[in-house]
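Chain by chain, the residues run as shown.
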Amino acid sequence: MSKKAVSTAGPTEEANVSCPAQNAQAPINALLSKEERIELHRKMVRIRRFEERSLRAYQAKKIGGFLHLYIGQEAVAVGCCSLMGKNDHVITAYRDHGHAIAVGMDTKALMAELYGKITGCSKGKGGSMHYFAPSLNYWGGHGIVGGQIPLGTGLAYAVKYKKLKGAAMAFMGDGAVNQGAVHEAYNLAALWNLPVIFVVENNGYSMGTSQARSSAGPGLAQRAEAYGMNWGTCFGHDIYEVRATMDKFLTLAREKNQPSVVEIDTYRYRGHSVADPDKTYRTREEIEEYRRTKDPIQLFQNALLAEGVLTEARIEQIDAEAKAEADLAADFAEASPFPTAEDIQKDVYWETDNPAQRASKGRLFFD
Amino acid sequence: MANIIEMPKLSDTMTVGTLVKWLKKEGDSVKSGDMLAEVETDKATMELECFFDGTLLKIFSPAGSQVAIGAPLCAVGKPGEVVEAPAGQPAAPAAAPASKEEPKAPAPAPVVTAPTHAPAPVAASVSEQSRAVGERIKISPLAKKLADEKGVDPSTVTGSGPGGRIVRADIEAAAKNPKPAAKSGGGATFTGGAIGAKGPVQIERAVPVSTMRGVIAKRLLESKTTIPHFYLEIEVDAEPLLALREQLNKGLADAGVKLSVNDFILKASAEALRKVPDVNASWHGTEIRYHAAANVSFAVALPDGLITPVVFNAHEKSVFQISTEAKSLGKKAKDKKLQPAEFTGGTFCVSNLGMMGIPKFLPIINPPNAAILGVGTTVTKPVVKNGQIVVGQTLTLTLSADHRVVDGAVGAQFLGALKSVLETPALLLV
Amino acid sequence: MPVITYREAIRAALAEEIARDENVVLMGEEVAQFHGAYKVSEGLLEKFGPDRIVDTPISEAGFIGMGVGASMLGIRPVMELMFWSFYSVAFDQILNNAANVRYMSGGLINCPIVIRGPANGGTNVGATHSHTPENVLANHPGVKVIVPATAADAKGLLKSAIRDNDPCFFLENTILYGEKGEVSDDPELLIPLGVADVKRQGSDLTIVTYGRCVLHSLAAAAILEKEHDISVEVVDLRTIRPLDFDTVLASVKKTHRVLVVEEQKPFASVGSQLAYLIQREAFDELDGPIHRLATIDAPAIYSPPVEVEQLPNPQRVLKAALAALA
């Protein structure tokens, strides 16, 4: 399922990102300080511990609805988001916890949101699939497969319209690539040269349907060729490779307003959501094999140990801190109040939330 | 097994009847043909006949109750037999089907209510579109509010809205005229004094709309608002008629016969209908029915309304027969003893206010008739006869006709025929 | 005041707001070079250039979604749907994303987008092009729905919509585009959303309506007065959400009889909602049931003379008004 390619269909230069050692040497990585490298590691660990803790809370009936875990894919969100400048924006689908932590959201607010508490990042109104942090250029968190991709294109449009140097990263899963809205967005982005990177996090399964059973054609990223767009692929278990690859496409976007499709091969260890059966479409061995050989945290940890950036003790400390943070987040969430019935009709209209500035009259709510 | 006797359908428009009085009591032995009770329908008070021999085992509907057609009234069976009261029932068929339709399956239906205090229930239920006591009053929310404000009891008001719904206008009208017309008497003579000093005309009170008033209100409103009336009048020289009548009454006084002007008019109407049969018709939406018989009805004033008994086949009857029949019908009407068959089925109606001194008036058509004749009083006045002004006796006849059925020319022909018959009254005797 | 068409009034609103606020852009199929499928945007490309007047491909889900995304970042896009009927292919963008994003973000994100275009039957374009989705749209808390009947209203309301911070859905009418009326050229004359307009005073019957049915109702009201001596008050809602129910209520309290006229399919329509509200809040004022005249309940028929009968028209309004007064 892994492909390695960078298209030359667009004006992209040939990018050689196939060798991990070379990835580490890529300028965007080579320039990383020791602490920055540790921070990448820490973020991945924090994501994983947060999600493991949320799974326990889910099973303890603290969390309602769906819980789509990102465990196994951490290097993608952390790698991509670590490249964000102040005019870069991120939007993703419903498997959004990793990106939220990667952009810097507070895990207490994230956990509280899962618990449906007023202290949650969306005041308990969005839930697991709908995390937002506009102040961190993080635009969600969207529940409908592929529905966020036109929005991400719109973020890029706005950046360009405002003549800012920036780009939007619009994340989607491999299950989204067959949605019409995604292709419409591709077309618009290519037609209007919008600074957007469509990031396909290919974890092999759209819910329980493998790529082979759902998507025609030679590859998911390659579909960009039909629109004359740049495209590339990379391995998502190597955070250096993710950064090196994405950096090239981000630069094309920011500097030349060129959109791209980047397919990042990755894997999730958990079911589509934690409530879904996981063994009907893949084997336990397949999961174990990936975990053993390609776990992104383990691989990066090994690399940092080899680089002498991390020690075993530091690793344990980071892990203990991440667990403690996750526990703290759960405690915070537990201790927080739920929204009240009066909160239900807040945050619906800007005007009713800002009554002093309301221009319209008449009833906005009905019973 | 006891026989359950149910509220019978006693008139074309009846949906409920009021059980006025039981003539037998529980435990009495009864036989077929006995009268069990008196039932007031929308038109008359009728007797409830027993069709079984046995004992009146159980009365389900006490005197005073309003009972829907088909609902059980009593049980007749073998002495000592136990009868259960029919089990809990759905409400009376408030929106009963069209009047012509016989209710199917008179399933044990309900006693509508049994007011325990009212001595004689008066209530409004009169037709398929109105209500029984205890049944919901159909009233618009606004009308209800207005009724409260103005102190009008909606149960006394007949609704003019769809389905008999009481609407604002009905309440406003009721509030303006809260009293029924004064019965008589006391006609205050104007003395020139301050009007206010003499107090009100009568005691202010609200009188519930009787069954009959309800029917009148509904039917005549419907008539006046849905039938395109037009009016014709003609003056008849009454001298020959009055002379003939006087002569006959003198000659037949010993036999106890006294013919009224109205008897002649009924007969003359039948003759005119024979000559202009297009008037003897009725409108039925998709068809016009022309009737073979001249069944001439006549309006009889009653203390709380009026009713129109029918002289059937008047075209085949002599003035004398008509006179006898009309007298009998008039008495029955006043005694509220008319049977439905005696006041339904008219094809033409005569309304006579002549005896009350009204020179002429325009009556409202009594549906489904195509026309109604208004008969005024005989007036003594100068007339021109043979080029001379002489004192003559005249009578003004007006015809209110349904333009859907009868056109002006036809109406005119009818009045012409009537005039010619009345002015040659001897022909009515042959 | 200048007398201009409804089309020109919308164009004037667009031009004024585009000139006033650099974040306002007009986007849609054929809005620029082609001058608008119904010529609403004629001349705007020449005046404001291709950055502000943007032709999109036929790709409603894509470009509406793009507009929603751009609005989250502070652009104020006015998106033209050539027909509102095409909303169905962009439903997810309009009613999942635009309508919900503020709520799901706990109030952190605004979506100041305007989506506009004609939504009407009566031009024999068949069922696919004749949808009137104002009820569907207004069913989504978070959105505003505007249906102007006159040129002046179209201008004043569109300007308010463009300046509004919530998603506004503006439903025009191809048959009204040529209707003329007096329209102010004051660029600061706005008509606030949520203010109904009594287009005709009356005392016997209230007709609550909006959009083109306002014209039908006024025509029927004139006949009712002349031929039946019935005085009809015509309340033009102008906006469906927010809803100026106080004006409706005042009229109902005055006339006590109500007819709702709408170019909607009857089931769960705007009229259904009005009827519910009226009966609840003016129950004791009603002298008869609330009546409604809607489009005859079937997909829009093509056959030209029959479509006239399927839709509300003055004769149908007249009949319905008489029934409501029974």
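All chains use their own residue numbering, which begins from 1 and follows the written sequence. Numbering of ligands from 1 and lettering of chains from A proceed in the order in which they are written. Since the coordinates come from a predicted model, pLDDT governs what is reported: local features require at least 70, and pairs of side-chain atoms require 80 or more to be given and counted, while whole-chain, interface and lining totals use all residues.

> So what exactly am I meant to see when it comes to the overall build of chain C here?
To qualify as a helix, a DSSP run of H or I must reach at least 4 residues; to qualify as a strand, a run of E must reach at least 2; elements of each kind are numbered from the N terminus. When its secondary structure is counted, chain C shows 11 helices and 14 strands. For the exposure call, what matters is how many other C-beta atoms sit within 10 Å of a residue's own: 20 or more marks it buried, 12 or fewer exposed, and in between partly exposed, using C-beta atoms placed from the backbone. Looking at the 326 residues of chain C, the share that counts as buried comes to 64%. Partitioning the intrachain contacts of chain C with sequence separation of at least 6 by distance along the chain shows that 78% fall at a separation of at least 24. Contacts here follow a simple rule: the backbone-placed C-beta atoms of the two residues must lie within 7 Å.

> Looking at this model, I keep getting lost on the overall build of chain A. Mind explaining?
A count of helical and extended segments in chain A gives 14 helices and eight strands. Sequence-distant contacts in chain A: of pairs separated by 6 or more residues, those separated by 24 or more amount to 75%.

> Please clarify how the interface of chain C and chain A should be interpreted in this entry.
Facing 44 residues of chain C, the contacting portion of chain A comprises 42 residues. Secondary-structure elements contributing two or more residues to the side of chain C that touches chain A are α3 (60–72), α4 (91–104) and β12 (239–241) of chain C. If one sorts the elements of the side of chain C that touches chain A by residue count, α3(C) sits on top with 10 residues. Each residue receives one of three labels: charged for Asp, Glu, Lys and Arg, nonpolar for Ala, Val, Leu, Ile, Met, Phe, Trp, Tyr, Cys and Pro, and polar for the others, Gly being one of them. Here the residues of the side of chain C that touches chain A sort into 20 nonpolar, 18 polar and six charged.

> Hey, could you run me through the packing of helix α3 (residues 34–59) of chain A against helix α12 (residues 296–307) of chain A in this one?
Helix-helix packing is described using two parameters, namely the angle between the two axes and the distance between the axes. Residue and element names in this part refer to chain A. Close contact between α3 and α12 brings their axes to 10 Å; oriented N to C, the two are set at 155°. In this view, α3 runs roughly antiparallel relative to α12, as classed from their interaxial angle. The chirality of how α3 crosses α12 is left-handed. Along its contact with α3, which presents R37, L40, H41, M44, V45 and R48, the element α12 presents P296, I297, F300, Q301 and L304. Helix axes use the C-alpha atoms of the stretch in contact, all axes being lines fitted to C-alpha atoms, and the angles between their N-to-C directions lie in the range 0 to 180 degrees. For classification, angles of less than 35 degrees are called roughly parallel, those exceeding 145 degrees roughly antiparallel, those between 65 and 115 degrees roughly perpendicular, and all remaining angles oblique. For any helix crossing, the convention is left-handed if the near helix is rotated counterclockwise from the far helix by under a right angle, and right-handed if that rotation is clockwise.

> Before we go on, may I ask you to explain the sheet that holds strand β3 (residues 29–30) of chain B in this structure?
What links the strands of a sheet is backbone hydrogen bonding, and the strands pair in either a parallel or an antiparallel sense. Two strands are counted as paired when DSSP detects at least two bridges linking them. Strands sit in the order β1-β8-β6-β3 (chain B) across an open sheet of four strands; the sheet is antiparallel. Each edge of the open sheet is held by one strand with a lone partner, namely β1 (3–6) and β3 of chain B.

> Can you walk me through the confidence of the model for chain A in this structure?
Atom-level detail of predicted coordinates should not be read off regions where pLDDT is low. For chain A, per-residue confidence averages 93 on the pLDDT scale, and residues scoring 70 or more make up 94% of the total. pLDDT measures the predictor's confidence residue by residue and takes values from 0 up to 100. Segment residues 7–18 of chain A is flagged for pLDDT under 50; beyond a separation of four residues in sequence, or across chains, it makes 33 contacts in the model.

> What is the right way to look at the interface of chain C and chain B in this model?
By a widespread convention, an interface's size corresponds to the accessible area lost as its parts come together. Facing eight residues of chain C, the contacting portion of chain B comprises nine residues. Taken together, the residues that form the side of chain C that touches chain B break down as three nonpolar, two polar and three charged.

> What exactly am I supposed to notice about the sheet that holds strand β1 (residues 89–92) of chain A here?
Residues and elements named next belong to chain A. An order of β2-β1-β3-β4-β8-β7 is seen for the six strands of this open sheet, with the pairing classed as parallel. Strands at the two margins of the open sheet, each flanked by one partner only, are β2 (138–141) and β7 (230–235). On average, each strand axis in the sheet is inclined to that of its neighbour by 15°, with strand direction left out of account. Here six bridges tie β7 to strand β8 (residues 260–265), and the two strands are oriented parallel to one another. Opposite G232, over in β8, you have V262 as the bridge partner.

> Just checking my understanding: could you explain the pairing of strand β11 (residues 232–236) of chain C for this structure?
For a regular strand, side-chain orientation follows a simple rule: the groups alternate between the two sheet faces. Residue and element names in this part refer to chain C. Of all five residues that make up β11, five are buried, and the element is covered over most of its length. What you see with β11 is no split at all: V232, V234 and D236 on one side and E233 and V235 on the other are buried throughout. As defined by bridge partners, strand β10 (residues 205–209) adjoins β11 across five bridges and the pair is classed as parallel. Paired with V208 across the strands is V235, a residue of β11. Between the parallel elements β10 and β11, the chain passes through helix α7 (residues 213–228) in a crossover that is right-handed. Note on handedness: a clockwise path from strand one over the helix to strand two, with the strands aimed away from the viewer, defines a right-handed crossover.

> Whenever I open this one, helix α6 (residues 107–114) of chain A confuses me. Can you help?
Since the α-helix advances by 3.6 residues per turn, residues separated by three or four positions end up pointing in the same direction. Of all eight residues in α6(A), eight are buried; the element is thus mostly enclosed. Those residues of α6(A) that sit buried are T107(A), K108(A), A109(A), L110(A), M111(A), A112(A), E113(A) and L114(A).

> Honestly, helix α6 (residues 319–334) of chain B in this entry has me stumped. Any pointers?
Residues and elements named next belong to chain B. Taking 1.5 Å as the rise per residue, α6 with 16 residues should run 22 Å; its terminal C-alpha atoms sit 22 Å apart, in good agreement. All buried positions along α6 are accounted for by V319, I322, S323, A326, L329 and A333. Projected down its long axis, α6 carries its buried residues within an arc of 140°, all on one side. In this structure, the buried side of α6 is in contact with α5 (261–275), β13 (296–298), β14 (300–302), β15 (305–307), β16 (310–311) and α7 (340–343). Phi for K336, located one or two positions after α6, is positive at around 60°. Each helix should span, by expectation, one fewer than its residue count multiplied by 1.5 Å. It is the directions from the helix axis to the C-beta atoms whose arc is reported.

> Quick question: what am I supposed to make of unusual backbone geometry here?
Negative phi is the rule for most residues except glycine; trans is the rule for most peptide bonds. Residues P367(B) and P368(B) are joined by a peptide bond in cis, for which omega reads 5°. Along the chain, P368(B) turns up in the loop between β17 (348–352) and β18 (371–385). Of note, the amide linkage connecting R241(C) to P242(C) takes the cis form, showing an omega dihedral of 0°. Residue position: P242(C) is located in the loop between β12 and α8 (245–255). Although it is not a glycine, R238(C) sits at a positive phi angle of roughly 65°. Tracing the sequence through the fold places R238(C) in the loop between β11 and β12. For R238(C), a count of 29 C-beta atoms within 10 Å corresponds to the buried category.

> Looking at this structure, how should I read the packing of α5(B) against α6(B)?
Residue and element names in this part refer to chain B. α6 packs onto α5 with a crossing angle of 120° between their chain directions and a minimal axis gap of 9 Å. When the axis of α5 is compared with that of α6, the two are oblique. Crossing hand, α5 versus α6: right-handed. In this structure, α5 uses D263, F264, L266 and K267 to contact α6, whose residues at the interface are V319, I322, S323 and A326. In the contact of α5 with α6, the residues fall into five nonpolar, one polar and two charged.

> Honestly, the environment of E342(B) in this entry has me stumped. Any pointers?
Residues and elements named next belong to chain B. Among the secondary structure elements, E342 is positioned in helix α7. Residue E342 is classed as buried on the basis of its 22 C-beta neighbours within 10 Å. Placed 32 residues apart in sequence, E342 and V310 show a C-alpha to C-alpha distance of 5.9 Å. Apart from residues lying up to four places away in sequence, E342 is in contact with P309, V310, L329 and K332.

> Is there a simple way to explain the environment of E204(B) in this structure?
For E204(B), the position within the fold is in the loop between α2 (168–176) and α3 (211–226). For the pair E204(B) and N177(B), spaced 27 residues apart in sequence, the C-alpha separation works out to 9.8 Å.

> Sorry if this is basic, but what is going on with the confidence of the model for chain C here?
For chain C, per-residue confidence averages 97 on the pLDDT scale, and residues scoring 70 or more make up 100% of the total. Here the prediction assigns the complex a pTM of 0.67, and the interface score ipTM is 0.93.

> What is the right way to look at the environment of Q148(A) in this model?
All names here are of chain A. Here Q148 shows up in helix α7 (residues 148–161). Measuring from C-alpha to C-alpha, the distance between Q148 and A181 comes to 8.7 Å, with 33 residues separating the pair along the chain. Once residues lying within four places of it in the same chain are set aside, the contact partners of Q148 are I91, T92, A93, G140, H142 and A170.

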